[in-house]
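Coordinates in review
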Amino acid sequence: MRKKIVAGNWKMNLTLDEGVKLASEVREFVKNNPLEQLPGKPGVVMFTPAIHLDRVTQTLHNTKGVQTGAQNCHTQEKGAFTGEVSVGMIRSAGAGYVLVGHSERRAQFDETNEVLAEKVNIILKHNLTPMYCCGEVLEERDEGKLFDVIKEQIEKGLFWLSKEEFTKIVIAYEPVWAIGTGVTASPEQAQEMHAYIRQLVEEKYDAETAENTTILYGGSCNAKNAKELFANKDVDGGLIGGASLKAEDFCTIIQSY
Ligand code: PGA
């Protein structure tokens, strides 16, 4: 069954106290508005800075349907990689998800599709869920290369997986030109790309696998436009940056599903 998800990507924002406060507010909201009673029955994931994971996970303890995730991980199990965080550490802090290939990591930390494939591999080995991000920059869209770019990111990052492994993946389509810019993709643009990604999955695996794949939209999704974006048949929720930092906005977005 395809899962609906509303995820918050805090990026490098919020002190520990601020993060715990935000998580407590979301916890209270979910207690009063059980996720399974919302029409889309969405799951919620909060991608916190790694150093906040343990406390935020504890804060959310027993909040049904809400999980935490890390924004990045290393490709190796452990060792002399000063400053890095392993999937084992992330798992031991109680997280359920790891973001892979966010465009900020691709662009600012030179993460290639090949490195991202290694990250997906180690995350699955630890039984956590990789949320694999893909997206084109504006120039690529303007030049009509957007479908080729997404295809390459997904083929190299994910299509080496067996069908069984692939069913454990969540995809987030995040057009880079929409991230943090206030310019969101139109519902038609989002639907078009989500349908294309689903078609790629069908061609690689089969129709059932494609139907069951969760594909989120990210990029200036907020409390005002979430409903319209989520109403599209191939959009299974959102990966929210800026608007996930305020409980009121994030909870409105959760309620949009
Ligand atoms: P934004 O970020 O919602 O602030 O555009 C989305 C993301 O980068 O995941």
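Because the structure is predicted, anything quoted here is derived from the model rather than measured.

The immediate surroundings of the ligand are formed by 13 residues, with Lys11, His102, Glu174, Gly180 and Ser220 found nearest. At 2.6 Å, a backbone N or O of Gly180 approaches an oxygen atom of the ligand. For the ligand, an oxygen atom lies 2.8 Å from a polar atom in the backbone of Gly241. Protein contacts shield 95% of the accessible area of the ligand, which totals 280 Å² for the unbound molecule.

Leaving glycine aside, a negative phi is the common case for residues, and trans is the common case for peptide bonds. Even without being glycine, Lys41 reaches a positive phi, approximately 45°. One can find Lys41 in the loop between α1 (16–32) and β2 (43–48). Of note in this structure, Asn127 is not a glycine but carries a positive phi near 60°. Tracing the sequence through the fold places Asn127 in the loop between α5 (113–125) and β5 (129–134).

Applying the stated criterion across every chain, the model contains seven aromatic pairs. Seen in terms of ring centroids, Phe147 and Tyr196 are 4.9 Å apart; in terms of plane orientation they differ by 65°. Their pairing is edge-to-face. Linking Phe147 in helix α7 (residues 146–158) with Tyr196 in helix α9 (residues 187–204), this pair joins segments that are 49 residues apart in sequence. Residue classification places Tyr196 among the buried positions, given a relative accessible area of 15%. Seen from their ring centres, Phe230 and Tyr257 are 5.1 Å apart, and the 20° between their planes marks the pair as stacked.

Right, let's get into the packing of α1 against helix α12 (residues 247–255). At their nearest, the axes of α1 and α12 sit 10 Å apart, and the two run at 35° to each other. Judged by the twist between their axes, the crossing of α1 over α12 is right-handed. Of α12, the residues touching α1 (which contributes Leu22, Glu25, Val26 and Phe29) are Ala247, Phe250, Cys251, Ile254 and Gln255. Grouping the amino acids of the contact of α1 with α12 by side-chain chemistry returns seven nonpolar, one polar and one charged.

Let us now look at the sheet that holds strand β8 (residues 237–240). Spatially, the eight strands close up into a barrel ordered β1-β2-β3-β4-β5-β6-β7-β8, and their pairing is parallel. Taken over all neighbouring pairs, the strand axes of this sheet differ in orientation by 25° on average, direction set aside. Against the sheet, α12 contacts β1 (5–9), β2 and β8, and its axis sits at roughly 160° relative to β1.

So, on to the side chain of Thr209. Along the polypeptide, Thr209 turns up in helix α10 (residues 207–212). Among residues more than four places away in sequence, those in contact with Thr209 are Lys163, Phe166, Thr167 and Val201.

Quick look at α7 now. Within an α-helix, residues lying three or four positions from one another point in the same direction, as the helix has 3.6 residues per turn. In this model, α7 (13 residues) spans 18 Å end to end at C-alpha, consistent with the 18 Å of a helix rising 1.5 Å per residue. All buried positions along α7 are accounted for by Leu146, Val149, Ile150, Gln153, Ile154, Gly157 and Leu158. In a view along the axis of α7, the buried residues occupy a sector of 120°, so they form one face of it.

The rules behind each value
Residues numbered from 1 in each chain as written. Predicted model: local features only at pLDDT ≥ 70, side-chain atom pairs only at ≥ 80, totals over all residues. Heavy atoms only, no water. Near = heavy atom within 4 Å. Polar contact = N/O pair within 3.5 Å; in protein donor to acceptor, adjacent residues only side chain to side chain. Areas by Shrake-Rupley, 256 points an atom, 1.4 Å probe, with all protein chains shown as cover. Helix = DSSP H or I, 4+ residues; strand = E, 2+ residues; numbered from the N terminus. Phe/Tyr/Trp six-rings, centres within 6.5 Å; stacked < 30°, edge-to-face > 60°. Buried < 20%, exposed > 50% of the residue type's maximum accessible area, 1.4 Å probe, protein only. Axes fitted to C-alpha atoms, helices over the stretch in contact; angles between N-to-C directions. Left-handed = near helix turned anticlockwise from the far one by under 90°. Contact = heavy atoms within 4.5 Å. Nonpolar A, V, L, I, M, F, W, Y, C, P; charged D, E, K, R; others polar. Pairing = 2+ DSSP bridges. Expected span 1.5 Å × (residues − 1). Arc of directions from axis to C-beta.

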